[in-house]
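What follows is each chain in one-letter form.
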Amino acid sequence: AQGWALLADHKHAEAKAALAQFLRKNPDHPSANALHALAAFQSDGFPASKKAIHRAFRRSFKAEPSIVAGLAASMAE
């Protein structure tokens, strides 16, 4: 919830950090992986966030297709 709120406030780096902390204890959480990839992409750009994006596509697509699709659309722009 905190990561989503930070993203909504355009605090991408803070969202990325909060989600990374959550993912240390919950590495397979689909929503957190998708949001972390989105925050990383918006904060750091594509090259630095490739690993997070790949993980989101693998772990989050079925549970969070709209977030993953939004991430793909953002990358395409």
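Reading guide: rules and limits
- Residues numbered from 1 in each chain as written.
- Predicted model: local features only at pLDDT ≥ 70, side-chain atom pairs only at ≥ 80, totals over all residues.
- Heavy atoms only, no water.
- Helix = DSSP H or I, 4+ residues; strand = E, 2+ residues; numbered from the N terminus.
- Rg over C-alpha atoms; globule rule 2.2 N^0.38 Å.
- Buried < 20%, exposed > 50% of the residue type's maximum accessible area, 1.4 Å probe, protein only.
- Contact = heavy atoms within 4.5 Å.
- Areas by Shrake-Rupley, 256 points an atom, 1.4 Å probe, with all protein chains shown as cover.
- pLDDT = per-residue confidence, 0-100.
- Axes fitted to C-alpha atoms, helices over the stretch in contact; angles between N-to-C directions.
- Parallel < 35°, antiparallel > 145°, perpendicular 65-115°, else oblique.
- Left-handed = near helix turned anticlockwise from the far one by under 90°.
- Nonpolar A, V, L, I, M, F, W, Y, C, P; charged D, E, K, R; others polar.

Engineer: Looking at this structure, how should I read the overall build of the protein?
Structural biologist: Each helix and strand counted, the protein has five helices and zero strands in total. Written out in order from the N terminus, the α and β elements of the protein read α-α-α-α-α. Against the compact-globule benchmark of 11 Å for 77 residues, the protein has a radius of gyration of 11 Å, which places it among compact chains. A principal-axis box enclosing the C-alpha atoms of the protein has dimensions of 30 × 25 × 20 Å. When the 77 residues of the protein are sorted by exposure, 35% land in the buried category. Partitioning the intrachain contacts of the protein with sequence separation of at least 6 by distance along the chain shows that 43% fall at a separation of at least 24. Of the roughly 4700 Å² of accessible surface on the protein, a fraction of 57% belongs to carbon and sulfur atoms.

Engineer: Is there a simple way to explain the confidence of the model for the protein in this structure?
Structural biologist: Overall, the predicted model of the protein reaches an average pLDDT of 95, with 99% of residues at or above 70. Of all the helices and strands in the protein, helix α1 (residues 2–8) carries the lowest mean pLDDT, 90, while helix α2 (residues 12–25) carries the highest, 97.

Engineer: Looking at this structure, I do not really get the side chain of serine 60. What am I missing?
Structural biologist: Of note, serine 60 is situated in helix α4 (residues 46–60). Setting aside residues no more than four positions away along its own chain, serine 60 makes contact with Pro30, Asn33, Ala34, Arg55, Pro65 and Val68.

Engineer: Looking at this model, I keep getting lost on the side chain of histidine 36. Mind explaining?
Structural biologist: Relative to the helices and strands, histidine 36 is located in helix α3 (residues 30–44). Filtering out sequence-adjacent residues up to four positions away, histidine 36 remains in contact with Lys16, Leu19, Ala20, Leu23, Ala52 and Arg55.

Engineer: It is not clear to me how the packing of α3 against helix α5 (residues 65–76) should be interpreted in this structure. Could you clarify?
Structural biologist: For any two helices packed against each other, the geometry comes down to the angle between their axes and how far apart the axes lie. At their nearest, the axes of α3 and α5 sit 9 Å apart, and the two run at 20 degrees to each other. It follows that α3 is roughly parallel to α5 by the angle criterion. Handedness of the α3/α5 crossing: left-handed. Judged by residue contacts, Ala34, Leu35, Ala37, Leu38 and Phe41 of α3 engage Ile67, Val68, Leu71, Ser74 and Met75 from α5. Tallied by class, the residues present in the contact of α3 with α5 amount to nine nonpolar, one polar and no charged.

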